[in-house]
Amino acid sequence: MMNIAFCINDAYAPYVAVTLKSIVENNSSIALNVYILTDGISDKNRCALENILQNRGGEILYTHL
């Protein structure tokens, strides 16, 4: 299990998506728990981030600041 945390806003979400995609592709056998501290993320960006971890055995947990 790998735990990762990000502190982002909606504008930075696409960059986090690229980072998560790289982590998933290079650590295919490790489940991920991603913690996102945010002041708000659009539903579109939230969905994009969650789709990256789909079928990976991990989850994304959001904390609103």
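Given the structure is predicted, the values throughout are model-derived calculations rather than measurements. Numbering of residues starts from 1 in every chain and runs along the sequence as written. Where local features are concerned, this predicted model is filtered to residues with pLDDT of at least 70; where side-chain atom pairs are given and counted, the filter is 80 or more; whole-chain, interface and lining totals use all residues. Derived side-chain values reflect all non-hydrogen atoms in the structure, with water molecules and hydrogen atoms excluded from consideration.

Some words on the side chain of Arg56
Numbering goes from the N terminus for both helices and strands, where a helix is a DSSP run of H or I of at least four residues and a strand is a run of E of at least two. Note that Arg56 resides in the loop between helix H2 (43–52) and strand S3 (59–64). Exposure is judged per residue with a 1.4 Å probe applied to protein chains only, and the accessible area is read against the type maximum: over 50% gives exposed, under 20% gives buried, and values in between give partly exposed. Counted as positive: Lys and Arg. Counted as negative: Asp and Glu, with His and the chain ends omitted from the count. For this document, the term salt bridge refers to a Lys or Arg side-chain nitrogen within 4 Å of an Asp or Glu carboxyl oxygen. Nearest to the buried, unbridged Arg56 among oppositely charged side chains is Glu25, at 10 Å. Reaching out from Arg56, the side chain makes a polar contact with the backbone oxygen of Ser28 at a distance of 2.7 Å. From its side chain, Arg56 meets the backbone oxygen of Ile30 in a polar contact 2.4 Å long. Contacts between residues were defined by any pair of non-hydrogen atoms, one from each residue, lying within 4.5 Å. Setting aside residues up to four positions removed in sequence, Arg56 forms contacts with Val24, Asn27, Ser28, Ser29, Ile30, Ala31 and Leu32. N or O atoms closer than or at 3.5 Å make up a polar contact, with two conditions inside protein: a donor-capable atom paired with an acceptor-capable one, and, for residues adjacent in sequence, both atoms drawn from side chains.

Some thoughts on helix H1 (residues 13–26)
With 14 residues, H1 extends 20 Å from end C-alpha to end C-alpha; this agrees with the ideal 20 Å at 1.5 Å per step. Of the positions making up H1, those classed as buried are Ala13, Val16, Ala17, Leu20, Ile23 and Val24. For H1, the angular spread of buried residues about the axis comes to 130°, placing them on one side. Every exposed residue of H1 that faces more than 90 degrees away from the buried side is listed here: Tyr15, Val18, Glu25 and Asn26. Given a helix with a known number of residues, its expected span is that number minus one, times 1.5 Å. Each direction from the helix axis to a C-beta atom contributes to the arc, which is the arc of those directions.

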